[in-house]
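An overview of the molecular structure
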Amino acid sequence: MAKPQTASKVVAGDDDEIYHLSPVEKVALERSGYALIYPPEEKIPSILVENFPALGRLTAARFLEWVQENPEGVVALPTGKTPEYFIKCVQYYLRTWDRKETRALLEGMGLSLQRKPNPAGLRFVQIDEFYPIDTRQHNSFNYYVQKYYLKGFGMDPARAMLIDPNVIGIPEGYTLADIFPDMTLDLSLRVRKARSLLEKRQQGVLEAVDQFCSDYERRIREMGGIGFFLGGIGPDGHIAFNVKGADVFSTTRLAETNYETKAAAAGDLGGIEVSRNKHVITLGLSTITYNRDAVAIIIAAGEAKAGIVARTLESPVSNRRPGSVLGLLPRARFYLTRGAASQLTNHALVDFSRKPEPSEEDVLRIVMDLSLATGRTFENLGEADFRASRFGMELLAKTGRSAEELTRRTREEVLARLALGNRIIENKRFLHTAPHHDDIILGYLPYFTNLVRRSTTQHWFAYMTSGFNAVTNRYMYGVVEDLLARLSRREFSELFEAGYFDPSNHKAKRLDTALYLEGASRHHEDKKAAATARRLLRNLFELYEEDNIDNIEERLSELLNYFRTQYPGKKDIAIVQQIKGRMREWESDLKWAYFGFTGEAVRHLRLGFYKGDIFTETPRIDRDVPPIVQLLMEVNPDIVTVAFDPEGSGPDTHYKVLQAVAEALKIFQSRSGRDDVRVLGYRNVWYRFHPAEANMYVPTSLTHLNNMEAAFDTCFATQRTASFPSYEYDGPFSRLARKIQCKQFEQVKTFLGEEFFVHNEDHGLRACRGIVYLREMALEEFYARSAELRHIAEEL
């Protein structure tokens, strides 16, 4: 079986003529070391770059190159977090065009310097918008494109085609909120009679929106179609808001989306409760491909996108893979980071074939993948299975080992990893770190549960951010309203007089958690609510620096109005961020009190980079690292746990906290002289370890799984309704974590066979129904791994 070609053949010649590579693309492709396309598996060309900022640089250079050639062309540009570096780079290059260093950089990327690109003459087309939404909101796409593209790039608003629900079909004298008081739309009004005057008005607006979409489509086609389209790709493969199943001949329309898309939008819109009820106005797939000479680029960063990228690039044009429609355009490309391309089979094979010899992890990965692909245990994999796989054949050739040797070695390693995850730990000090307040419980609670059975282990818990983004206004309205009602009944008067709510009264804080957990144990909801009210009141006294209960009641009334009137998804003012953050911290206090840990054992570091902006700030060594160093010096841990996620694999807070912890450990190592600290990397619902990456497999029983769900449901009231869920599961994160751990057990069961567990002498392995994957590392390995991740996400 032939190996895939490398880059040289597609830089010039017939392929260049077919795919119309630009000078910028030729340089980028040559630097990537890969071919532009690997047929027949791949149907759309792709260009790889090292990291997220490099993706922004390439995309910006290609855009400016196109603008030079088409100064009055039609462009459609994306919204969200993915274009962050594209936006920053375009603005930077335009602003510093005449600087020597900028010109040298751009020239090196293949961009002509003969004339400065001027976006002012471009005709901008907005790709999509939620409906209904007030476009004055900062989380509307209309607001985004006006801020970052029209103003940020210096485009002419008069030449822009925008989607503005505030004006489309709204009768004179009315507002969007008058027509849609709850900001939801019933599309059945297209086909049924209105049942009220309000529905009659809504029906009229709906008809106007449908007409707007037809007119929007016509205007785009009259301009010759879109000349430069730049977009991202959603978790279901959606392009614009053309979700999985969208007709490849679809045009601009008002449409429904699917769960995956609504879940992905929940963070922007203030919760799944809001995004479930939103429809969208979107360009259609045939709108995007109408101009067959269009440059159409999809950008994707991070390993979390790798699966959908591979499925799209390797798919013929089909409704199931909306992005596959770009295969109709000869100038269509996917620009990818290495992480986003990691599941492209031919790229991975090129990488493997270039290695002089495979690493231990390479061997394990290939043998494990063969087992999972065939459904055979290691013992039942044979030479024929290896020779039927391109990776298997290459592995046999590179190692010179037989299939039997390779599978025996892999089986031994899996058994060793199970033993490591099942070992008894004694006399160790653990510092458990987490970006968010539910990361530990979702990542490795079964392992922690095993640890605390030994009284000789000591534990501290450090939360790096306040997590306020995960608390909805709806939740806060409920707890503020409840506290006001209790204060009106003078329920806490005696406690107040006794100094219970003094922020320095740490014993009283423990009583808050004790009251809540007592209520949980007895299914006494009012006790739980009373405990939450006590903690909220204590937080308000501290944050407002008040000692007068009447003044606090006034503040509560202000907060009630705030949570009632602020649109979901709006960035909160600083004091509200702090109040919401304290509610998340309260949940962590509850979780560890659930296991008997209180007071100084739980620390909330509230690192300064976490601010709730759409583009998250990078941690600063001078501001964000010292608090971690101080805690390390105080605790002097033997083992430190870290969320070990790469950039672009979920919330980027995980990666950024990882880098801050790595820097802090280096300083701690230098100051303390301790080289023996071990780091335990974990992952949870946002990203998974491949079983070859993890070196500890923790057997997880049904009791463990049930305890995790019970603890999550008991302690995490703000997350119980799953307002910001994963696109993979419509429900609480604890359920998804359970599914993941059960799936990981299925993987190991495939490797070893069901009988290994059913008839095992160890009762823990007989009871195993899930597996937690962890990676244990010495400090130097951890530094090396985090440096690799830093390189993958190197800053601009």
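Residues numbered from 1 in each chain as written. Predicted model: local features only at pLDDT ≥ 70, side-chain atom pairs only at ≥ 80, totals over all residues. Heavy atoms only, no water.

**Considerations on the overall build of the chain**
Helices and strands together make up the secondary structure of the chain, namely 32 helices and 17 strands. Against the compact-globule benchmark of 28 Å for 796 residues, the chain has a radius of gyration of 28 Å, which places it among compact chains. By its C-alpha atoms, the chain is 80 × 75 × 60 Å across when sized along the principal axes. When burial is assessed residue by residue, the chain has 58% of its 796 residues classed as buried. Intrachain contacts of the chain at a sequence separation of at least 6 include 77% that bridge at least 24 residues. By element, 49% of the accessible surface of the chain is carried by carbon and sulfur atoms, the whole surface being about 32,300 Å². (Helix = DSSP H or I, 4+ residues; strand = E, 2+ residues; numbered from the N terminus. Rg over C-alpha atoms; globule rule 2.2 N^0.38 Å. Buried < 20%, exposed > 50% of the residue type's maximum accessible area, 1.4 Å probe, protein only. Contact = heavy atoms within 4.5 Å. Areas by Shrake-Rupley, 256 points an atom, 1.4 Å probe, with all protein chains shown as cover.)

**Re helix H22 (residues 525–543)**
In this model, H22 (19 residues) spans 27 Å end to end at C-alpha, consistent with the 27 Å of a helix rising 1.5 Å per residue. Burial within H22 is extensive, with 14 of its 19 residues counted as buried. Count one or two residues on from H22 and you reach Glu545, which has phi positive near 55°. (Expected span 1.5 Å × (residues − 1).)

**Some words on the side chain of Asp128**
Following the sequence through the fold, Asp128 ends up in strand E4 (residues 128–131). The contacts of Asp128, once residues within four sequence positions are left out, are Thr79, Phe141, Ile163, Ala240, Phe241, Ile281 and Thr282.

**Here we look at the pattern of salt bridges**
Taken as a whole and assessed by the stated rule, the structure comprises 64 salt bridges. Note that Arg454 and Glu426 form a salt bridge whose closest N and O atoms lie 3.6 Å from each other. With Arg454 in the loop between helix H18 (439–451) and strand E12 (458–463) and Glu426 in the loop between helix H17 (403–422) and strand E11 (429–434), this residue pair connects regions lying 28 residues apart in the sequence. Judged by relative accessible area, Glu426 falls into the partly exposed class, the value being 33%. In this structure, the salt-bridge partner of Lys528 is Glu525, at a minimum N-O distance of 3.4 Å. Here Lys528 and its partner Glu525 are both found in helix H22, three residues apart, which amounts to about one turn of the helix. (Salt bridge = Lys/Arg side-chain N within 4 Å of Asp/Glu carboxyl O.)

**A few points about the sheet that holds E4**
Read from one edge of the open sheet, three strands run E4-E8-E7, paired in antiparallel fashion. With partners counted over all chains shown, the strands left at the sheet margins are E4 and strand E7 (253–255), one partner each. Each strand of the sheet is rotated relative to its neighbour by a mean of 25°, with strand direction disregarded. Strands in contact with helix H8 (residues 197–222) are E4, E7 and strand E8 (279–282); relative to E7, the strand with the most contacts, it is inclined by about 130°. (Pairing = 2+ DSSP bridges. Axes fitted to C-alpha atoms, helices over the stretch in contact; angles between N-to-C directions.)

**Here's the deal with the sheet that holds strand E2 (residues 74–76)**
Judged by pairing direction, the sheet is parallel, and its seven strands sit side by side in the order E1-E10-E9-E6-E2-E3-E5 without closing on themselves. Edge strands, defined here as strands with exactly one partner in the open sheet, are strand E1 (46–49) and strand E5 (160–161). Strand direction decides the pairing type here: strand E3 (residues 123–125) and E5, joined by two bridges, are parallel. Residue Val125 lies in a different strand from E5, and its bridge partner there is Met161. Running over the sheet, helix H2 (residues 23–32) touches E1 and strand E10 (332–337) and is turned about 65° from E1.

**Some points on the pairing of strand E17 (residues 768–778)**
Most of E17 sits inside the fold, with nine of its 11 residues counted as buried. When strand E15 (residues 678–682) meets E17, the two strands line up antiparallel, connected through five bridges. Paired with Arg678 across the bridge in E17 is Ala778. Where strand E16 (residues 696–701) lies against E17, six bridges are found, and the strand directions are antiparallel. Residue pairing across strands places Ser701 opposite Cys768, the latter belonging to E17.

**Digging into the layout of surface pockets**
Looking at the second largest pocket, its volume works out to about 590 Å³. Per-element accounting of the lining of the second largest pocket gives the leading share, five residues, to helix H24 (residues 574–594). When its residues are assigned to classes, the lining of the second largest pocket shows five nonpolar, six polar and 11 charged. (1 Å grid on protein atoms, 1.4 Å probe; cavity = no way out; pocket = protein on both sides within 12 Å on 5 of 7 lines; lining within 4 Å. Points joined across faces, edges and corners; volume = space filled by probe spheres on them. Nonpolar A, V, L, I, M, F, W, Y, C, P; charged D, E, K, R; others polar.)

**Some points on the packing of aromatic side chains**
This model, assessed by the stated rule, comprises 42 aromatic pairs. Aromatic pair Phe352 and Phe391: ring centres 6.5 Å apart, planes at 35°, arrangement tilted. Placement of Phe352 in helix H13 (residues 345–354) and of Phe391 in helix H16 (residues 390–399) is noted, with a sequence separation of 39 residues between them. With relative accessibility at 21%, the residue Phe391 sits in the partly exposed group. Taken together, a centroid distance of 5.1 Å and an interplanar angle of 75° make the contact between Tyr500 and Phe501 edge-to-face. What makes Tyr500 buried here is its relative accessible area of 7%. When the ring centre of Tyr85 is taken as reference, the NZ or CZ atom of Lys88 above it lies at 5.3 Å. Above the ring of Tyr34, the side-chain terminus of Arg354 is found at 5.4 Å from the ring centroid. (Phe/Tyr/Trp six-rings, centres within 6.5 Å; stacked < 30°, edge-to-face > 60°. Lys NZ or Arg CZ within 6 Å of the ring centre and 35° of its normal.)

**Some thoughts on unusual backbone geometry**
That bond from Pro39 to Pro40 is cis: its omega, 5°, falls within 30 degrees of zero. Structurally, Pro40 can be placed in the loop between H2 and E1. Going from Tyr131 to Pro132, the amide bond is cis rather than trans, its omega being -10°. The backbone of Arg490 shows a phi angle near 55°, a positive value even though the residue is not glycine. For Arg490, a relative accessible area of 48% translates into the label partly exposed. Backbone geometry places Arg606, a non-glycine residue, at a positive phi of 50°.

**Points about the environment of Ser504**
Tracing the backbone shows Ser504 in the loop between helix H20 (493–497) and helix H21 (506–521). Taking the C-alpha atoms as reference points, Ser504 and Arg538, separated by 34 residues in sequence, lie 9.9 Å from one another. At 2.8 Å, the side chain of Ser504 forms a polar contact with the side chain of Asp502. (Polar contact = N/O pair within 3.5 Å; in protein donor to acceptor, adjacent residues only side chain to side chain.)

**Observations regarding empty space enclosed by the protein**
Counted according to the given criterion, the structure contains three cavities of 30 Å³ or more. Forming the walls of the largest cavity are 15 residues, and the residues nearest its centre are Gly443, Arg683, Asn684, Ile740 and Gln744. Elements with a contribution of two residues or more to the lining of the largest cavity: H18, helix H29 (733–752) and E17. With four residues, H29 is the single largest residue contributor to the lining of the largest cavity. For the lining of the largest cavity, the class distribution of residues is nine nonpolar, four polar and two charged. Its boundaries defined by the atoms lining it, the second largest cavity holds a volume of some 40 Å³. Forming the boundary of the second largest cavity are Phe130, Phe241, Thr257, Thr261, Lys262, Ala265, Ser275, Lys278 and Val280. When residues in the lining of the second largest cavity are grouped by element, the largest group, three residues, is from helix H9 (residues 259–269).

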